[in-house]
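Below, each chain spelled out in residue letters.
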Amino acid sequence: MGVLLVEDSPYESALAYLALSQTTPWVLQAPDLRSAARLAPRARLAILGPRAMSRISNRQVRALGIPAVGIGVRLSAADRRRAFAAGVHAVYERPRAWKAYLALFKKIHHAVQA
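Definitions and limits used
Residues numbered from 1 in each chain as written. Predicted model: local features only at pLDDT ≥ 70, side-chain atom pairs only at ≥ 80, totals over all residues. Heavy atoms only, no water. Salt bridge = Lys/Arg side-chain N within 4 Å of Asp/Glu carboxyl O. Helix = DSSP H or I, 4+ residues; strand = E, 2+ residues; numbered from the N terminus. Buried < 20%, exposed > 50% of the residue type's maximum accessible area, 1.4 Å probe, protein only.

Draft legend 1. Structural detail: the pattern of salt bridges. Applying the stated criterion across every chain, the model contains 4 salt bridges. The shortest N-O distance in the salt bridge between Asp79 and Arg82 comes to 2.8 Å. Residue Asp79 and its partner Arg82 are located together in helix α5 (residues 77–86), separated by 3 residues, close to a single helical turn. Judged by its relative accessible area of 34%, Arg82 falls in the partly exposed class. For Glu93, the salt bridge identified is with Arg80, shortest N-O distance 3.0 Å. Residue Glu93 is located in strand β5 (residues 90–93), and its partner Arg80 is located in helix α5; the two are separated by 13 residues in the primary sequence.

This is the structure:
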């Protein structure tokens, strides 16, 4: 099983896809949480972008039915609290450096496999 990437920004989506392709056999992509809920049964983890995290609810996390983590740039404290309150397992700041970004995805990937 692969990873479900929920990101609406083409730039962030491409960057995350490239990094994820280094650590997971396949990546599903969804532009929003509604589309993600339909794809979630084929994934073991959802990675949420900033917009998904800013709008997430407990109902939406339950609809995914898989663990979810968030990654974003300059996330507000309110967005972090909302994500955790909704049931997101972890929230990470996106590293600027490529190697650090890859290392973050490897860390997340190994935590899910454990």
